[in-house]
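Chain and residue survey
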Amino acid sequence: MAVGTPGSAPASGALRVAIIGNPNTGKTTLFNALTGLRQRVGNFAGVTVERVEGGFQMPDGRRITVVDLPGAYSLAATSPDERIALDVLRGHDGREPRPDVVLVVVDATHLGRNLFLASQVCELGLPVVVALNQVDAAAARGITVDVPALIHELGVPIVPTVASRGEGLDPLRRALVAAATLPAPTPRFALDESAETTAARYGWITDVIARTVRQRASASGSASDRIDAIALHRLGGPILFLVVMALVFQAVFSWATPVQDAIESGVLGVGHAIGQLVPEGDLRSLVVDGVFAGVGSVLVFLPQIALLFAFISVLEQSGYMARAAFLMDRLMRRVGLNGKSFIPMLSGYACAVPGIMATRTIEDPKDRLATILVVPLMSCSARLPVYTLLIGAFVPAMPLLPGLDLQGATMLAMYLLGTVAALGVAALFRRTLLRGPVRPMILELPPYRWPSPRSIAIIVWQRSVLFLRRAGTVILALSIVLWALATFPRTPVAPDAPPAVAQETQLANSALGRFGRAIEPAVAPLGYDWKIGVSILASFAAREVFVSTMGTIYGVGDAGESALADALRAERRPDGTAAYTPLIAVSLMVFYVFALMCMSTIAVTVREAGGGRIGWRWAAIQFAYMLALAYGAAWLVLVVGRAMGLG
Amino acid sequence: MTTGSSRELPVCTCPLVDSATGAEATVVAIACADRDACRLRVMGVYEGATVSVIDKKHCLLVDVRGTRLALGAELAEGITVLTRGIPAS
Ligand SMILES: Nc1nc2c(ncn2[C@@H]2O[C@H](COP(=O)(O)OP(=O)(O)OP(=O)(O)O)[C@@H](O)[C@H]2O)c(=O)[nH]1
Ligand SMILES: [Mg+2]
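Residues numbered from 1 in each chain as written. Chains lettered and ligands numbered in written order. Predicted model: local features only at pLDDT ≥ 70, side-chain atom pairs only at ≥ 80, totals over all residues. Heavy atoms only, no water.

1. Examining the overall build of chain A
- Across its full length, chain A holds 27 helices and 11 strands.
- Against the globule reference of 26 Å for 647 residues, chain A gives a C-alpha radius of gyration of 28 Å, in line with a compact fold.
- Projecting the C-alpha coordinates of chain A onto the three principal axes gives extents of approximately 95 × 55 × 50 Å.
- For chain A, with 647 residues in total, the buried portion stands at 56%.
- In chain A, the share of contacts with a sequence separation of at least 24, taken over all contacts with a separation of at least 6, comes to 74%.
- As displayed, chain A offers around 25800 Å² of accessible surface, 66% of which is attributable to carbon and sulfur atoms. (Helix = DSSP H or I, 4+ residues; strand = E, 2+ residues; numbered from the N terminus. Rg over C-alpha atoms; globule rule 2.2 N^0.38 Å. Buried < 20%, exposed > 50% of the residue type's maximum accessible area, 1.4 Å probe, protein only. Contact = heavy atoms within 4.5 Å. Areas by Shrake-Rupley, 256 points an atom, 1.4 Å probe, with all protein chains shown as cover.)

What follows is the structure in structure tokens.
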């Protein structure tokens, strides 16, 4: 299966440059600086897991194509992401010839380790340019590299750079163009990775380092080590992790509310104003009840989504991801995986698609498959609108602890429920279909870094645009379709009937209403009415559609124009009791914790689980177990809740 | 298993898990599954490398040429090092 961005056929004369290097050295930062693109950057190994192509133009008009690649520790690929990088380097990619020049990015603060791959790449017979990156961080740690001496030792051009500040780019561009005509360096060692060759190569590197690198003796341990003394503490570490998570979810819930309220009244206001311009009738109903009530009800969650991505981005850029993996290793081993699998799971809090992609860093195929199967259980940003709507409508903001109220705690509980279930299901797979020994963890812990406000802003911007685009396409289209289904066919109603009753009768007899009542038996055991049933069904297109569908149904069925949360609270059964109780809200949230309702996730599972028949089989297993879990758990919540006398 | 001769600071070989926190150790043998051994070597834990244990938890936190590596305990069992500082018993 092809991976990554499909590369355009190289324009004749364009120089092809491939970027390679150890993980987390700044390859993507450099790629972004060279090409002006905005690929994801983060402070942990394995951020980039596919090839990405970009380009730039030299002052003389010459085009250079640059390919950013996943990181690798050596030429012997052990994980799928490393294989992608090395296939491009060796010309086994199948789509393109070998690159004209290899740009090896080395981290000046860890030169001893980085020179291993660099020296191997120098022996592949391709022209090489080395970017000595992060010289700023090296200087801060008292490390100075004698660049001319290092050029002499390696026999290739070396350009010092600070990719994060765009320093050294011009000399680097010139070196890349010039290198294409240089002879490839001569090999020093065999390219195998036997114990002897590795030791010999490292022996040579040790000598080179001794001749070219000077390190001022540092007085005390580094700041990173001091932070780790707390962050990785046996007891303090897990507590810190939980506190961080609790604060994040509380913040997502409460900080976003003022902006959310502003958007909500804005949407209602604009809908109302436009409604006045359109003559009374179906068109006005389409605009106000269909489009504004549907799309608008989802749009109001933009602030939450933006905040969630800002927090995840801080976690990714600070270096905490690897620490979380370290902390979780203990628990993950009981499950049959190791801590490394927790990094894709954490990415799943943002979105399952990059989370599943991130499993490419896992070496063992069974470990990887088990991780793929459970990543969608981690609550992603698309669940946020559902949780927020239901919590906002049915859970009181009762203070629990300083900085945490019942709403935030409920949100945290949903995320924890998904996480715990992911661990449980992984354990089940590792003991049945994917049996195998636990693989020990080898994980690099990068130094902590201050997240850059600019890259956080970029991530938040990109994800917000994506969210708005979804609202403007899938959700808009479905809102219109559902509005039509909820409006037609028309039922004649007695002219003297009160408007609320007339509209309710209309809705109940519409195509959607009839369909809803036909499927109602399927959701009735969970205590849901047909409106929820229809919304659940529609949300298999995308989870947010649950909210927009409820918005449309209540837009059409409601005489007044109130916020969706108020409409839900006010809904009554024929016997006059509340249709939606807090218990039903919790059961519904639990359903959404577990159900897999995302086309993109299914598609990426098919591809990453092996493609073709095998891929489809795993995707079907994933979909089926998640649906069963969702239904079973939602039912259990209802039954136990009722037995306890709640709702 | 004492192989050294210095009286105050005996030199001995032991698994990496047992080497003293903070003390430098030289890797003498790696007996792990092949793919793990390969991975360890290219990441700087090769026969002859100098490493030091920073912290021992459910996994080992090891300094390898200035990088911090987390190693599962069973890997650290399989890595034999030559180190000073553990009194010969
Ligand atoms: N101080 C400093 N930090 C840098 C520099 N270049 C990159 N970084 C940081 O290094 C970290 C890794 O950057 P990436 O560009 O994601 O590294 P990568 O090599 O693409 O990593 P993988 O895709 O995981 O292999 C990020 O936190 C960057 O902000 C630099 O020149 N100086
Ligand atoms: Mg990258």
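2. With respect to the site of ligand 1
Residue and element names in this part refer to chain A.
- Neighbouring residues of ligand 1: 24 residues in total, closest Lys 27, Thr 28, Thr 29, Val 47 and Thr 48.
- Asn 24 places a main-chain nitrogen or oxygen 3.0 Å from an oxygen atom of ligand 1.
- Measuring from an oxygen atom of ligand 1, one finds a side-chain N or O atom of Lys 27 at 2.7 Å.
- About the coverage of ligand 1: the protein hides 93% of its 650 Å² of free accessible area.
- Those elements that place two or more of their residues in the shell around ligand 1 are helix H1 (27–35) and helix H4 (135–140). (Near = heavy atom within 4 Å. Polar contact = N/O pair within 3.5 Å; in protein donor to acceptor, adjacent residues only side chain to side chain.)

3. Some details on the layout of surface pockets
Residue and element names in this part refer to chain A.
- Here the second largest pocket defines a volume of roughly 860 Å³.
- If you go around the second largest pocket, you meet 28 residues; those closest to its centre are Gln 39, Arg 40, Glu 50, Pro 354 and Arg 463.
- Secondary structure elements with two or more residues in the lining of the second largest pocket: helix H12 (302–318), helix H15 (352–357) and helix H19 (453–487).
- For the lining of the second largest pocket, the leading source of residues is H19, giving six residues.
- Within the lining of the second largest pocket, the residues separate by chemical class into 14 nonpolar, six polar and eight charged. (1 Å grid on protein atoms, 1.4 Å probe; cavity = no way out; pocket = protein on both sides within 12 Å on 5 of 7 lines; lining within 4 Å. Points joined across faces, edges and corners; volume = space filled by probe spheres on them. Nonpolar A, V, L, I, M, F, W, Y, C, P; charged D, E, K, R; others polar.)

4. Looking at the interface of chain B and chain A
- The interface is formed by 26 residues belonging to chain B together with 35 residues belonging to chain A.
- For the chain B and chain A pair, buried surface summed over both sides reaches about 3000 Å², with 57% attributable to carbon and sulfur atoms.
- The shortest N-O distance in the salt bridge between Arg68(B) and Asp225(A) comes to 2.6 Å.
- Summed over the shared surface of chain B and chain A, the number is 16 residue pairs in polar contact (both at pLDDT 80 or more).
- For the side of chain B that touches chain A, the secondary-structure elements that each account for two or more residues are helix H1 (34–42), strand E4 (59–64), strand E5 (67–72) and helix H2 (73–78) of chain B. (Buried area = accessible area lost by both parts, 1.4 Å probe. Salt bridge = Lys/Arg side-chain N within 4 Å of Asp/Glu carboxyl O.)

5. Observations concerning the state of the cysteines
- Taken as a whole and assessed by the stated rule, the structure comprises zero disulfides over all chains.
- The thiol of Cys380(A) is not disulfide-bonded; the next cysteine sulfur, from Cys351(A), is found 6.2 Å away.
- With relative accessibility at 5%, the residue Cys380(A) sits in the buried group.
- Cys12(B) forms no disulfide, and the closest cysteine sulfur to it belongs to Cys14(B), at a distance of 5.0 Å. (Disulfide = S-S within 2.5 Å.)

6. Remarks on the sheet that holds strand E2 (residues 52–57) of chain A
Residues and elements named next belong to chain A.
- Reading across from one edge, E2-E3-E1-E4-E5-E7 is the order of the six strands in this open sheet, with mixed pairing throughout. A strand with exactly one partner marks an edge of an open sheet, and here the two such strands are E2 and strand E7 (158–160). Going across the sheet, the axis of each strand differs from the next one's by a mean of 25°, ignoring polarity.
- Sitting on the sheet, helix H5 (residues 147–154) is in contact with strand E5 (128–133) and E7, with an inclination near 155° to E7. (Pairing = 2+ DSSP bridges. Axes fitted to C-alpha atoms, helices over the stretch in contact; angles between N-to-C directions.)

7. Focus: H1(B)
- Within the sequence span of H1(B), burial applies to Asp36(B), Ala37(B), Arg39(B), Leu40(B), Arg41(B) and Val42(B).
- Looking one or two residues past H1(B), Gly44(B) carries a phi angle of roughly 105°, positive in sign.

8. Observations regarding the pairing of E5(B)
- Among the six residues that make up E5(B), six are buried, leaving the element largely enclosed by the rest of the structure.
- Judged by which residues are buried, E5(B) turns out to be covered on both faces: Thr67(B), Leu69(B) and Leu71(B) on one side and Arg68(B), Ala70(B) and Gly72(B) on the other are all buried.
- The pairing of strand E11 (residues 442–445) of chain A with E5(B) spans four bridges and is antiparallel. Paired with Leu445(A) across the bridge in E5(B) is Arg68(B).
- Sheet topology note: the E4(B)/E5(B) ladder contains six bridges and is antiparallel. Looking at the pairing, Leu61(B) lines up with Ala70(B) of E5(B).
- Counted along the chain from E4(B) to the antiparallel partner E5(B), the turn is two residues long, and its residue Arg65(B) has a positive phi close to 50°.

9. Considering the coordination of the magnesium ion (ligand 2)
- Surrounding the magnesium ion (ligand 2) are the protein donor atoms Thr28(A) (OG1) and Thr48(A) (OG1), at 1.9 Å. Here Thr48(A) lies in the loop between H1 and E2 and Thr28(A) lies in helix H1, a separation of 20 residues in the sequence. (Donors = N, O, S within 2.8 Å, 3.2 Å for Na, K, Ca; no water.)

10. A short note on the packing of aromatic side chains
- The full count for this structure, using the stated rule, is 15 aromatic pairs over all chains.
- For the ring pair Tyr202(A) and Tyr46(B), a centre distance of 4.4 Å and an interplane angle of 5° mean the geometry is stacked. Separated into two different chains, Tyr202(A) in helix H7 (residues 195–212) and Tyr46(B) in the loop between H1 and strand E3 (50–56) make up a pair that spans both. This pair shows no difference in class: Tyr202(A) is buried, exactly as Tyr46(B) is.
- Feature note: the residues Phe249(A), Tyr349(A), Tyr387(A) and Tyr415(A) constitute an aromatic cluster, connected by ring pairs. (Phe/Tyr/Trp six-rings, centres within 6.5 Å; stacked < 30°, edge-to-face > 60°.)

11. Topic: empty space enclosed by the protein
- Per the stated rule, a full pass over the model turns up five cavities of 30 Å³ or more.
- Here the largest cavity is characterised by a volume of approximately 160 Å³.
- What lines the largest cavity is a set of 14 residues, among which Asn338(A), Lys340(A), Glu363(A), Arg439(A) and Pro440(A) lie closest to the centre.
- Sorting elements by how many residues they give to the lining of the largest cavity places H1(B) first, with three residues.
- Approximately 100 Å³ is the volume attributed to the second largest cavity.
- If you trace the second largest cavity, you find it lined by Met245(A), Val248(A), Phe249(A), Leu308(A), Phe311(A), Ile312(A), Leu315(A), Met321(A), Leu346(A) and Tyr349(A).
- Listing elements by their share of the lining of the second largest cavity, those giving two or more residues are helix H9 (236–254) and H12 of chain A.
- Here the element with the most residues in the lining of the second largest cavity is H12(A); it accounts for four residues.
- Across the lining of the second largest cavity, the residue classes tally to 10 nonpolar, no polar and no charged.

12. Comments concerning unusual backbone geometry
- In this model, Phe488(A) is joined to Pro489(A) through a cis peptide bond whose omega is -10°.
- Here Gln134(A), not a glycine, exhibits a phi torsion of approximately 60°, which is positive.
- Take Gln134(A): it is sitting in the loop between E5 and H4.
- Assessed through its relative accessible area of 10%, Gln134(A) is described here as buried.
- Phi is positive for Arg65(B), close to 50°, though the residue is something other than glycine.
- Along the chain, Arg65(B) turns up in the loop between E4 and E5.

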